[in-house]
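Each chain, written out:
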Amino acid sequence: MIKVKNLSYRFKGKESNTIKDITFDVEEGEIFGFLGPSGAGKSTTQKILIGLLGDYEGSVRVMGTEVKERNRDFYERIGIAFEFPNFYHKLSGYENLELFKGPYSVPTIPAMELLKLVGLEIDAKQRFHSYSKGMKMRLNFCRALLNDPDILFLDEPTSGLDPVNAKKLKDIILEKKKEGKTIILTTHNMQLAEELCDRVAFIVDGKIALIDSPKRLKGSGGEKRIIVESKEGTIQNFPLEDVRENKEFMAMLNTNSIATISTKVKSLEEIFIEVTGRSLI
Ligand SMILES: Nc1ncnc2c1ncn2[C@@H]1O[C@H](COP(=O)(O)OP(=O)(O)O)[C@@H](O)[C@H]1O
Ligand SMILES: [Mg+2]
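Quick notes on the rules
Residues numbered from 1 in each chain as written. Chains lettered and ligands numbered in written order. Predicted model: local features only at pLDDT ≥ 70, side-chain atom pairs only at ≥ 80, totals over all residues. Pairing = 2+ DSSP bridges. Helix = DSSP H or I, 4+ residues; strand = E, 2+ residues; numbered from the N terminus. Axes fitted to C-alpha atoms, helices over the stretch in contact; angles between N-to-C directions. Contact = placed C-beta atoms within 7 Å. Buried ≥ 20, exposed ≤ 12 C-beta atoms within 10 Å, placed from the backbone. Arc of directions from axis to C-beta. Near = placed C-beta within 6 Å. Nonpolar A, V, L, I, M, F, W, Y, C, P; charged D, E, K, R; others polar. Domains from an automatic or database assignment. Parallel < 35°, antiparallel > 145°, perpendicular 65-115°, else oblique. Left-handed = near helix turned anticlockwise from the far one by under 90°. Core = buried A, V, L, I, M, F, W, Y, C linked by C-beta atoms within 7 Å.

> I'd love a proper account of the sheet that holds strand S6 (residues 78-81), names of residues and values included.
Within the open sheet, the six strands sit side by side as S6-S7-S8-S3-S9-S10. Their pairing is mixed. The open sheet has two free edges, formed respectively by S6 and strand S10 (207-212), since each of these has just one partner strand. On average, each strand axis in the sheet is inclined to that of its neighbour by 15°, with strand direction left out of account. Relative to strand S9 (residues 199-204), strand S3 (residues 31-35) is paired through four bridges, and the arrangement is parallel. Bridge pairing in S9 places Gly33 opposite Val200. The strands that helix H5 (residues 163-178) touches are S3, strand S7 (151-155) and strand S8 (182-187); relative to S8, the one it contacts most, it runs at about 150°.

Structure follows, in structure tokens:
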């Protein structure tokens, strides 16, 4: 669905490239995430993919079209949620969506249906300027779905949302994947990346450090350990590998002094720090 090869990008007036020779593919029906700290180049990459920054180097093909050479039809088939929602302040959420439907020649989804999907139906007639940050983000998400697009580009889709609404959005994104849509998202939230993405690209300083599935990354994330807490409150840990050979651990199992046993697997965030040398904040 998307093929990016040796993509570099430099903003006018900047001395160095913001995006530095990145290469990746996104398959149809996949949820692909860019995970990286603020300033890494996530939004810039998304802007290039959707044709907003045309003066890039390298090749960016979306649905078979080199993005530089796209025509208007390109926008009929993609949905975009920008990081910072931009709407008409004096119009209601409903009126805004109706207005943004205008340019599409493909069939669109009724605005109220989308507002219901994200739990904004009772606020539909309220003016946009009275919406909270979270309501604005949800409306922004609706806007991306208006034309029932084949590819969804979501820049930090859950930022500013409370856990209940973040969960609602995650469920809708998974539903869209089930419908066969391709989803590209950016985030600095490793939990979101882990819960949603089939594959993530770790991005730092405009470079991709690694691309893999969160599951595989966590599976290969170094040594797993067993943590044993005794009834007296002392905590010991043992390597999980060949634990049956570990006499001390086996002896503990035969006593009646164990309060809890758990395993520790590295978090995606810990793996990110190991691979990139940077934290996600
Ligand atoms: N319009 C612009 N002009 C110049 N520099 C920009 C512009 N937009 C972003 N940048 C710079 O590009 C880098 C990457 O920004 P961005 O893609 O927004 O990062 P992220 O989305 O990962 O937080 C930052 O150093 C930022 O300051
Ligand atoms: Mg950004």
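Text resumes after the structure shown.
> Summarise helix H1 (residues 42-49); cite the residues concerned and give the values.
For H1, the full list of buried residues reads Lys42, Thr45, Gln46, Ile48 and Leu49. The buried side chains of H1 occupy one side of the element, clustering within an arc of 160° when seen end-on.

> Outline the site of ligand 1, supporting the account with residue identities and numerical values.
Near ligand 1, the surroundings consist of Phe11, Lys14, Thr18, Gly36, Ser38, Gly39, Ala40, Gly41, Lys42, Ser43 and Thr44. Its residues assigned to classes, the shell around ligand 1 comprises two nonpolar, seven polar and two charged.

> I'd like to hear about the pairing of strand S11 (residues 225-230), residue by residue, with values.
When S11 meets strand S12 (residues 235-239), the two strands line up antiparallel, connected through five bridges. Paired with Glu229 across the strands is Ile235, a residue of S12. Pairing analysis gives six bridges linking S11 to strand S13 (residues 258-264), with the strands arranged antiparallel. Looking at S13, one finds that Arg225 is bridged to Lys264.

> Residue-level account of the domain arrangement of the protein chain, with values.
Many descriptions give the size of an interface as the accessible area lost when the pieces come together. For the protein chain, the domain assignment lists domain 1 (2-214) and domain 2 (223-265). The centre of domain 1, based on its C-alpha atoms, is set 45 Å off from the matching centre of domain 2.

> Describe the packing of helix H2 (residues 93-101) against helix H4 (residues 133-145), listing the residues and the values that go with them.
It is the contact of H2 with H4, at a shortest axis distance of 10 Å, that shows an interaxial angle of 25°. Classified by the interaxial angle, the pair formed by H2 and H4 is roughly parallel. Of the two elements, H2 crosses H4, and the hand of that crossing is right-handed. Within the contact between the two elements, H2 uses Gly93, Asn96, Leu97 and Phe100 and H4 uses Leu139, Cys142 and Arg143.

> Residues and numbers for the pairing of strand S1 (residues 2-9), please.
Bridging between S1 and strand S2 (residues 19-26) involves five bridges; their strand directions are antiparallel. Across the sheet, residue Ile2 finds its bridge partner in S2, namely Val26. The pairing of S1 with strand S4 (residues 57-62) spans five bridges and is antiparallel. Bridge pairing links Ser8 to Glu57 in S4.

> Before we move on, can you summarise the nonpolar core with the specific residues and values?
Nonpolar side chains in soluble globular proteins generally cluster together in the buried interior. By size, the foremost hydrophobic cluster in this structure holds 65 residues, and its most contacted members are Leu49 and Phe153. The element contributing the most residues to this core is H4, with seven residues. Once you skip the residues sitting within four places of it in the chain, Phe153 turns out to touch Gln46, Leu49, Ile50, Ile78, Gly79, Ile80, Ala81 and Ile184.

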